[in-house]
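The primary structure of each chain is shown beneath.
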Amino acid sequence: MNSLNPVFQINRAIYVITLLLYLAVSPGMAFQIILGITQLVSAIYLTKNFYKKVSNFSRKLLKTYWLLTAIVFIAIGFIRDIFSTKGIIIYFIIPMLIATLFLYIFYKCRKEI
C-alpha cells in the first residue's frame, strides 16, 4: 500500500467536510483553520519525504503551492478587516483555491509514488 494513501484520505475528508460546512458559512470558515493546518503538515511531510521521488512537474506544482501559501500568509498581515471584500478574498476564497490545488498535487504525487 502506498504510504501516502492514508494521509491523502484524511486530507480529502477534511476538504470535503470544509466544503459542506461552507453551506452554513460560519462553520466552514472556522473549519477552514483545521483544513489549513492539516494541509500545511501534509505539505511538509510530502516535501520532506517524497520531493525527489516525484516528477519535475509535480515538484513545480509543489513549489507553486509553497509560494502561494507564503504570499497569502504575507497578505493576511496587511488585511485587518476580514469581512471586507479584500478580507474575504484573502482569508477565505484564495486559501480554499490553494487547498484545492494542494489536493490535486497530493493526488498526483500519490499516483506517481
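1. Some details on the overall build of the protein
- The secondary structure content of the protein amounts to four helices and zero strands.
- For the protein, the N- to C-terminal ordering of α and β elements is α-α-α-α.
- Relative to the globule expectation of 13 Å for 113 residues, the C-alpha radius of gyration of the protein, 15 Å, shows essentially globular dimensions.
- If you line up the protein on its principal axes, its C-alpha atoms span 45 × 25 × 15 Å.
- Put simply, the protein has 113 residues, and 35% of those count as buried.

2. Structural notes on the packing of helix α1 (residues 5-21) against helix α4 (residues 85-112)
- The interhelical angle for the contact between α1 and α4, taken along N-to-C directions, is 155°, at an axis separation of 10 Å. By the angle class used here, α1 and α4 are roughly antiparallel. Along this stretch, α1 crosses α4, giving a crossing that reads as left-handed. Residue-level inspection shows N5, V7, F8, Q9, N11, R12, Y15, T18 and L19 of α1 in contact with α4, the latter providing M96, A99, T100, F102, L103, F106, Y107 and R110.

Quick notes on the rules
Residues numbered from 1 in each chain as written. Predicted model: local features only at pLDDT ≥ 70, side-chain atom pairs only at ≥ 80, totals over all residues. Heavy atoms only, no water. Helix = DSSP H or I, 4+ residues; strand = E, 2+ residues; numbered from the N terminus. Rg over C-alpha atoms; globule rule 2.2 N^0.38 Å. Buried < 20%, exposed > 50% of the residue type's maximum accessible area, 1.4 Å probe, protein only. Axes fitted to C-alpha atoms, helices over the stretch in contact; angles between N-to-C directions. Parallel < 35°, antiparallel > 145°, perpendicular 65-115°, else oblique. Left-handed = near helix turned anticlockwise from the far one by under 90°. Contact = heavy atoms within 4.5 Å.

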